[in-house]
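# Chains, contacts and geometry: an overview
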2 protein chains.
Amino acid sequence: MSASSHLLISTALGQKGHRAPVWVMRQAGRILPEYLAIRNSLRDFKELVETPHLAAEVTVQPVDILGTDAAIIFSDILVVPEAMDLPYNMVEKKGPSFDRTIKTLEDIHLLNTKDIADRLSYVTEAIKITKKALSGRVPLIGFAGAPLTIFTYMVEGGGSKTFSKARGFLFKNPEAAHILLQKITDVTIQYLKLQIAAGADLVQLFDSWAGTYNPAHYSEFGMRYNNQIVSAITEAPTTIFAKGAFFALPELGQSQANVIGLDWHTSADQALSNGCQNKVLQGNLDPCALYGSFKDIEKATKQMLSSFGSQPHIANLGHGVYPDTSADKVKCFIETVKAHYFSKAEAV
Amino acid sequence: MSASSHLLISTALGQKGHRAPVWVMRQAGRILPEYLAIRNSLRDFKELVETPHLAAEVTVQPVDILGTDAAIIFSDILVVPEAMDLPYNMVEKKGPSFDRTIKTLEDIHLLNTKDIADRLSYVTEAIKITKKALSGRVPLIGFAGAPLTIFTYMVEGGGSKTFSKARGFLFKNPEAAHILLQKITDVTIQYLKLQIAAGADLVQLFDSWAGTYNPAHYSEFGMRYNNQIVSAITEAPTTIFAKGAFFALPELGQSQANVIGLDWHTSADQALSNGCQNKVLQGNLDPCALYGSFKDIEKATKQMLSSFGSQPHIANLGHGVYPDTSADKVKCFIETVKAHYFSKAEAV
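Residues numbered from 1 in each chain as written. Chains lettered and ligands numbered in written order. Predicted model: local features only at pLDDT ≥ 70, side-chain atom pairs only at ≥ 80, totals over all residues.

### A few points about the overall build of chain A
Inclusion rule: Strands are runs of DSSP state E lasting at least two residues, helices are runs of H or I lasting at least four, and both sets are numbered from the N terminus onward. Any residue surrounded by 20 or more other C-beta atoms within 10 Å of its C-beta is treated as buried, while 12 or fewer makes it exposed and the intermediate range makes it partly exposed; C-beta atoms here are placed from the backbone. Contact criterion: two residues are in contact if their C-beta atoms, reconstructed from the backbone, are within 7 Å.
Scanning chain A for helices and strands turns up 16 helices and 9 strands. With the C-alpha coordinates aligned to their principal axes, the bounding extent of chain A is approximately 60 × 45 × 35 Å. Looking at chain A as a whole, 57% of its 348 residues qualify as buried. Expressed as a percentage of contacts within chain A between residues at least 6 apart in sequence, the contacts between residues at least 24 apart total 75%.

Here it is in structure tokens:
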């Protein structure tokens, strides 16, 4: 089966099929007991990310167990800053943390931008193993962090309530910010092309911290580099998920990305009336809906599907699935999407 | 000088004066050395909140030192859950934390809703002392947390990356959520009326976590109760600051609130074209702009002022001033606003 004959890929290319394809952000990892068994047998999260045959195994699990229409490679957006010589630790229940952060132009000049294929070969290796294991059943999604989100981690050093260091950097040192963002962008383009060459059928940019920036900054420091990336990636369809950046919908609509991911705050209507009417949309059930009863999940999922009307749509949550969600509830979401065939009015 | 003759109050009532009035969220506390001297002489943050003459002293400081057009009473939105028998601790550099949280309907039935005047008399006492000290120089702003934000703290027990407990509660137990929100609303109405009776000239609802909810939930569980409050408060003008809730602009525009606060993500244009054209708008410089040079702050402030055009406007930041901001930079922001007189075209 060629990649483009898969429902996810044909939908990403703008063809509305008989139903919406479905996958779940963070489906690989977090919730499946089968994942936790492997994860708990290892030293830490990073060992799993860096061990290709295990990363491949947990990538395939949700396809087998949950019945998703796509796999997404198990990895982390922070492998890119690490390849650039800013290593991170993943602190249990706290999230990522960097020993060193970017404070000055000098720090930026010291970053590595070479040997990306070698340094991230564990990811491309995992992709190759996954593709074999999937043997064409479903397509494989590759991904990277959007440059401004990677910049945010590099400057902030981890999570934050306000991200005031990263946001402040743009006010205090915009020229240095542009130099850093260009370096990240160049590495990210290389990295995504390597993922596609290894077998990724679609690539998604996760701009997790987009919504922390003001609209003018997000345009200048965020979308400028997202646009460079989606324009450079001609080998596979692309998705931008700019969490919280409702203000950027018109610019997202004008980007070269095939798919725009919506979080649970942004309705299909809002995206369509703010310039995204020519895009495939992805999303956007509130992940907390999966804490409800099976009946309520079914109802909320159907409402969500209907809200996209005749627009080509890839069903997903509006954020990564939360760790305390039951796998059965995720399955209920997936099965509801798969049972929802479009009416004639919708399948235009 | 009567309250309504003050620039802030007349603007809040919809009369555009010769310039925008200006104050800064979190101006009392956080940044002034004079504040830190008092704060550091005490056991903790709560001792300052609960000691009327000291709370009054730090309330007046920014009027004297920074030249703001209003004082805002030094307090915390979490005095309300505490008065309802859910005490909190303010953990240095981490934020608030509750020993007990709301998990069941039983927990909700155990909450106190009586003796609010007594239990929060330290706030009304601080307001009375402040009013004397201000002796009519500038008006005094009172405030409370919006019910859904207080609910969020009560269920979550503190800050969170996802607020999935509080958001999940709305999916799992909507009836109990309404019972809790109604209790919080009843107490909040009482509390704000007490503040006004003690001397507050305007009251603001801080809906700090509005932006974490999905639009349907925010309408059902957020705005419903905000509307009860602003409709019940007829004694003074009201402001709603629903941080992150861009999706609620049309409902905010239809509320009885006089003033709608905007965060740094939501432009004046967006508010005006989404139903808030009949409201006074407050905001919304990115607080990180105050990390820039004096020249850049002046430029960004003027741009912000111009963006509100002929709309009645109260200048402010789009979020509370961050603790590591220099007082001189805040002063630069305030002085730029005070020097910016409206042109004839704007002062319609």
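### Quick word on the interface of chain B and chain A
Stated precisely, the cut-off is as follows: Residue classes follow a fixed rule: Ala, Val, Leu, Ile, Met, Phe, Trp, Tyr, Cys and Pro count as nonpolar, while Asp, Glu, Lys and Arg count as charged, and any other residue, Gly among them, counts as polar.
On the side of chain A, 22 residues touch chain B, which itself brings 22 residues to the contact. With 5 residues, the top contributor of residues to the side of chain B that touches chain A is helix H10 (residues 164-172) of chain B. Here the residues of the side of chain B that touches chain A sort into 9 nonpolar, 8 polar and 5 charged.

### Focus on the sheet that holds strand E7 (residues 259-261) of chain A
Residue and element names in this part refer to chain A. Threshold: One bridge is not enough; two strands pair if DSSP finds at least two bridges between them.
Taking strand neighbours across the sheet as the criterion, the 7 strands line up as E1-E4-E5-E6-E7-E8-E9 in an open arrangement whose pairing is parallel. Unpaired on one side and paired on the other, strand E1 (71-72) and strand E9 (313-317) mark the two borders of the sheet. Both E7 and strand E8 (residues 280-285) contribute to a ladder of 3 bridges, which runs parallel. When the bridges of E8 are listed, Ile260 appears paired with Leu281.

### A look at the pairing of strand E3 (residues 95-98) of chain A
Where strand E2 (residues 88-91) of chain A and E3 of chain A come together, 4 bridges link them in antiparallel fashion. The residue of E3 of chain A that forms the bridge with Asn89 of chain A is Ser97 of chain A.

### A look at the pairing of strand E6 (residues 238-242) of chain B
Residues and elements named next belong to chain B. Here is the rule: A clockwise path from the first strand over the helix to the second, with the strands pointing away from the viewer, defines a right-handed crossover.
In terms of burial, E6 is largely enclosed, as 5 of its 5 residues are buried. As a crossover connection, the stretch from strand E5 (residues 202-207) through helix H12 (residues 215-232) into E6 is right-handed. In this structure, E6 lies alongside strand E7 (residues 259-261), joined through 3 bridges in parallel fashion. If you follow Phe241 over to E7, its bridge partner there is Gly261. Taking the sense of rotation as the criterion, the β-α-β connection linking E6, helix H13 (residues 249-254) and E7 turns out right-handed.

### A few points about the relation of the copies chain B and chain A
Formally: For this overlay, a least-squares fit was computed on C-alpha atoms, restricted to residues scoring pLDDT of at least 70 in both copies.
Take chain B, turn it by 180 degrees, move it 0.0 Å along the axis, and it overlays chain A with an RMSD of 0.0 Å. Here the two chains are linked by the operation of a two-fold rotation axis.

### What to know about the environment of Tyr191 of chain A
Residues and elements named next belong to chain A. For Tyr191, the position within the fold is in helix H11 (residues 174-198). When the 24 C-beta atoms within 10 Å are taken as the criterion, Tyr191 is described as buried. C-alpha of Tyr191 to C-alpha of Ser306: the two residues are 115 residues apart in sequence and 36 Å apart in space. Beyond its immediate stretch of four places on either side in the chain, Tyr191 contacts Val80, Ile116, Leu120 and Ala144.

### Let's talk about unusual backbone geometry
Asn284 of chain A follows Gly283 of chain A through a cis peptide bond whose omega is -10 degrees. By the secondary structure assignment, Asn284 of chain A is in strand E8. In this model, Arg30 of chain A sits at a positive phi of 75 degrees, which is unusual for a non-glycine residue. Of note, Arg30 of chain A is situated in the loop between helix H1 (7-12) and helix H2 (33-40). We note that Lys93 of chain B has phi near 65 degrees; this positive angle belongs to a residue other than glycine. Its place among the elements puts Lys93 of chain B in the loop between strand E2 (88-91) and strand E3 (95-98). Take Lys93 of chain B: there are 5 C-beta atoms within 10 Å of it, and that puts it in the exposed class.

### A closer look at the environment of Leu78 of chain B
Residues and elements named next belong to chain B. Along the polypeptide, Leu78 turns up in the loop between strand E1 (71-72) and helix H5 (79-83). C-beta crowding within 10 Å serves as the criterion here: with 22 such atoms nearby, Leu78 is assigned to the buried category. Residues within four places of Leu78 in sequence aside, it is in contact with Tyr88, Pro96 and Tyr153.

### Overview of the nonpolar core
Stated precisely, the cut-off is as follows: A set of buried residues qualifies as a nonpolar core if it consists of Ala, Val, Leu, Ile, Met, Phe, Trp, Tyr and Cys joined through C-beta atoms within 7 Å.
By size, the foremost hydrophobic cluster in this structure holds 245 residues, and its most contacted members are Val80, Phe151 and Ala200 of chain A together with Val80 and Phe151 of chain B. No other element matches H11 of chain A, which puts 10 residues into this core. Non-local contacts of Ala200 of chain A, meaning those with residues more than four positions away in its chain, are made with Ile73, Ile127, Leu140, Ile141, Gly142, Gln195 and Ala236 of chain A.

### Topic: the environment of Ser219 of chain A
All names here are of chain A. Within the secondary structure, Ser219 sits in helix H12 (residues 215-232). The exposure class of Ser219 is partly exposed, given the 16 C-beta atoms found within 10 Å. Each C-alpha atom of the pair Ser219 and Thr238 lies 19 Å from the other, and the pair is 19 residues apart in sequence.

### Observations regarding the packing of H11 of chain A against H12 of chain A
Residues and elements named next belong to chain A. To be explicit about the condition: Axis definition: a line fit to C-alpha positions, over the contact stretch in the case of helices; interaxial angles, taken between N-to-C directions, run 0 to 180 degrees. In this scheme, roughly parallel covers angles under 35 degrees and roughly antiparallel covers those over 145, while 65 to 115 is roughly perpendicular and the rest are oblique. Handedness of a crossing follows from how the near helix is turned relative to the far one, being left-handed for an anticlockwise turn of less than a right angle and right-handed for a clockwise one.
One can describe the packing of H11 onto H12 by two numbers: an axis separation of 10 Å at closest approach and a directional angle of 25 degrees. Taken together, H11 and H12 sit at an angle that is classed as roughly parallel. For the crossing formed where H11 meets H12, the hand is right-handed. Here H11 contributes Ala177, Leu181, Thr185, Thr188, Ile189 and Leu192 to the contact with H12, which in turn contributes Phe221, Tyr225, Gln228, Ile229 and Ala232. Looking at the contact of H11 with H12 residue by residue, the classes come out as 8 nonpolar, 3 polar and no charged.

### Brief notes about the sheet that holds E6 of chain B
Residues and elements named next belong to chain B. Read across the open sheet, the 7 strands follow the order E1-E4-E5-E6-E7-E8-E9; overall the sheet is parallel. Looking along the sheet, the strands with just one partner apiece sit at the ends: E1 and strand E9 (313-317). Lying over the sheet, H12 contacts E5 and E6, oriented at roughly 170 degrees with respect to E5.

### Things to note about the packing of helix H9 (residues 147-156) of chain A against H11 of chain A
All names here are of chain A. Between H9 and H11, the shortest axis-to-axis distance is 9 Å and the interhelical angle comes to 120 degrees. In terms of axis orientation, H9 runs oblique to H11. The way H9 lies across H11 gives a crossing that is right-handed. Across the interface between the two elements, Pro147, Leu148, Ile150 and Phe151 from H9 touch Ala177, Leu180, Leu181, Ile184, Thr185 and Thr188 from H11.

### Topic: H10 of chain B
Buried residues dominate H10 of chain B, accounting for 8 of its 9 residues. What H10 of chain B keeps buried is the set Ser164, Lys165, Ala166, Arg167, Gly168, Phe169, Leu170 and Phe171 of chain B. Elements in contact with the buried residues of H10 of chain B: helix H15 (294-307) of chain A together with helix H9 (147-156), helix H11 (174-198) and H12 of chain B.

Geometric values such as these leave the question of function open.
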